[in-house]
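# Topology and contacts: notes
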Amino acid sequence: MYRKFAITAGLTLALAVSGAFAADTTYYFGTSNQRTNIIFESQTDFETVLGSTNQISGTVAGDLQKGTGTISVQVPVSTLKTGIDMRDEHLRSSMWLDAEKFPKITFTSTSARRLRGNAWEVRGVFTLHGVSREVTVKAEVRPVPASVAKAAGLEDGDWVRLSAPFTIKLSDFGVMIPPMAAAKVNDVWTVKLLAWANTRG
Amino acid sequence: MALLSAAALLVIAFGIDRLLARDVRLIAPHDASTVKLNQSLYIAGDPVAEIYGNPLSKPVRVVVMSGDRIIRPAEDQSQQLLPVDAAKGDHPLQVQTVWFATRYSLVFFLAVAALSGIIHGRLSK
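So, here is what we can say about the structure in this document. (Residues numbered from 1 in each chain as written. Chains lettered and ligands numbered in written order. Predicted model: local features only at pLDDT ≥ 70, side-chain atom pairs only at ≥ 80, totals over all residues. Heavy atoms only, no water.)

## Description of the environment of A113(B)
Inclusion rule: Here a strand is any run of E in DSSP of at least two residues, a helix any run of H or I of at least four, and the numbering for each starts at the N terminus.
Within the element layout of this structure, A113(B) appears in helix α4 (residues 95-124). Note: C-alpha distance between A113(B) and L4(B) (109 residues apart in sequence) is 9.5 Å.

See the structure below:
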C-alpha cells in the first residue's frame, strides 16, 4: 500500500513539475509604446519605403510549455508613419488604406503551435481595408527570465517578446495602387512585428 | 546645352553615389532601455540588428552626411545600422532615388538635345 502511494505521489509530482496542469497564461500587448516596434517595407526601383508604428493592442494567450496558444492584435491605421507627412496623409486616405472607414488592421489566430524552441507557426485571419485573408506566420515567442525583467526595470508580471515577419499584397485586400504611384510603391509589403507583452496588462 | 546638362547630371549622381553614400541597414530604432533589454536576451545566432531596432530586410544605399548616426553593433561590427525614426520625419535620401531621377532627367535632356538638333538642322537649310 505504501508502495502504491509512493508511485502515485511520484507521478503526481512529476506531472505538476512538467506543467501538464499549467493553465493558459494571457499576455497583453501595448502596455508600453516603447516596447512595440512594427515596420512595413515596400521596395521599388525608386525607393525602399520604411514605415513604422509603435501602437498595438491585444493579447496572446497560451501554454508555452504545451506549445499551444491564441493571439489577437489590432494596430490603428492612423498611427502608420513613413517619414513624409504628405505620404502618410495619402496612406490614410480613401485611395489607399482608408483609415476613416477601416480604422484598424487586425490579426486573429485560428491556430498556433510550437515548432521547436521559441519558434511557432501561427495561422490566422489578417484584416486590412475591410478585407480578411488567411495568413501563416512564423513567429518567435521568447519568454523573458524574471531576473532579466527585474534587472531591466520592467513592470511587474511575466514578459514575452514576440517577433513575427510576414508579407502581404495590398491588392489582395482591395488596395489598388494608383498608376502615378506604381513606380514608387510596391504591391507587396513586408511587415515585421517586434513587440513585448506582459501578464499585468 | 542640353547635352552639357545631361553630362553634369551624370557627374553629380555618380559623385553622390561614390562620395557621399553608404550601404546601411535602415532600422526603426528601439529606445535605449529596450536595446539594453535585448542585449540581455541576446544569444549568439540571433539577428543582431533586431537588438537595436526593427530592420529592413536588406541593406539600402543612402546618402549619409555624418557617420555619427551610424551604429556599429558590438555584437557584429561588420554591420552598419542607420536609425530612421519615421514618426519624427526621418527620411534619408536613397541612392536608388537619385539614379531613378537621373535616368528620367537624362531621357528629357537627350530628347531636348535631339529636338534642338532637328530644329537647328531644318533652320540651317
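Still to come is the rest of the account.
## Here's the deal with the pairing of strand β4 (residues 57-63) of chain A
Residues and elements named next belong to chain A. This is how it is decided: Only protein chains enter the area calculation, which uses a 1.4 Å probe; residues under 20% of their type maximum are buried, those over 50% are exposed, and those in between are partly exposed. Here, a strand pair is defined by DSSP locating no fewer than two bridges between the strands.
In terms of burial, β4 is largely enclosed, as 5 of its 7 residues are buried. Two elements, strand β1 (residues 25-29) and β4, share 5 bridges in a ladder whose sense is antiparallel. Counterpart to Y27 in the pairing with β4 is V60. Turn length for the β4-strand β5 (residues 68-76) hairpin, with the two strands adjacent in sequence and antiparallel, is 4 residues, and the turn residue G67 shows positive phi of about 85°.

## Section: the packing of aromatic side chains
The criterion, for reference: For Phe, Tyr and Trp, where Trp contributes only its six-membered ring, two rings pair if their centres lie within 6.5 Å, and the inter-plane angle classes them as stacked under 30 degrees, edge-to-face over 60, or tilted in between. For a ring to carry a charge above it, either NZ of a lysine or CZ of an arginine must fall within 6 Å of the ring centroid while also lying within 35 degrees of the normal to the ring plane.
All chains considered together, the criterion is met by 6 aromatic pairs over all chains. Consider the rings of F126(A) and F173(A), whose centres lie 5.5 Å apart with planes at 75°: the pair is edge-to-face. You can see F126(A) sitting in strand β7 (residues 119-128) and its partner F173(A) sitting in the loop between β9 (159-169) and β10 (188-198), a full 47 residues away along the chain. Relative accessible area serves as the criterion here: at 6%, F126(A) is assigned to the buried category. Owing to a relative accessible area of 2%, F173(A) belongs among the buried residues under this scheme. Note on F100(B) and Y104(B): the rings are 5.0 Å apart at their centroids and 35° apart in plane angle, and the pair reads as tilted. Of this pair, F100(B) and Y104(B) both sit in helix α4, 4 residues apart, which is roughly one turn of the helix. Here Y104(B) falls in the exposed class, since its relative accessible area comes to 57%. Residue placement shows K184(A) over the ring face of F46(A); its charged tip is 5.4 Å from the ring centre.

## Notes on the interface of chain A and chain B
Quick reminder of the rule: Contacts were defined at the residue level, with two residues in contact if any of their heavy atoms lie within 4.5 Å. The term buried area means the drop in 1.4 Å probe accessible area that two parts suffer when joined, counted for both and summed. The salt bridge definition used is simple: a Lys or Arg side-chain nitrogen within 4 Å of an Asp or Glu carboxyl oxygen. Nitrogen and oxygen atoms within 3.5 Å of one another constitute a polar contact, given that in protein one can donate a hydrogen and the other can accept it, and given that sequence-neighbouring residues count only through two side-chain atoms.
At the interface, 33 residues of chain A touch 33 residues of chain B. Both sides together, the interface formed by chain A and chain B hides about 2,700 Å², and carbon and sulfur atoms give 55% of it. Considering only the side of chain A, the residues that lose the most area to chain B are F46(A), L50(A) and R142(A), jointly responsible for 21% of the buried surface there. For the pair chain A and chain B, the interface holds 2 salt bridges. Ionic pairing is found between K192(A) and E50(B), a salt bridge with its closest N-O pair at 2.3 Å. Summed over the shared surface of chain A and chain B, the number is 20 residue pairs in polar contact (both at pLDDT 80 or more).

## Focus: the nonpolar core
The nonpolar side chains of a soluble globular protein tend to be buried, and buried together. Inclusion rule: Joining through side-chain atoms within 4.5 Å is the link that ties buried Ala, Val, Leu, Ile, Met, Phe, Trp, Tyr and Cys residues into a set, and such a set is a nonpolar core.
F29(A), I71(A), L80(A), F126(A), L128(A) and I168(A) are the most contacted members of the largest nonpolar core, which totals 41 residues. Elements represented by at least two residues in this core include exactly β1, β2 (36-43), β5, β6 (104-116), β7, β8 (131-144), β9 and β10 of chain A. Ignoring any residue separated from it by four or fewer positions in sequence, one finds L128(A) in contact with L97(A), I105(A), I168(A), L170(A) and F173(A). If you look at the next biggest cluster of nonpolar residues, it comprises 12 residues, including I39(A), A28(B), V64(B) and V84(B).

## Some points on α4(B)
All names here are of chain B. So the rule is basically this: A helix is expected to reach a length of 1.5 Å times the quantity of its residues less one.
Look at α4: 42 Å from first C-alpha to last across 30 residues, which is about the 44 Å you get at 1.5 Å a residue. Buried within α4 we find V95, T97, V98, F100, T102, L106 and A113. Contacts made by the buried residues of α4 are with α1 (2-20), β1 (21-29) and β3 (60-63).

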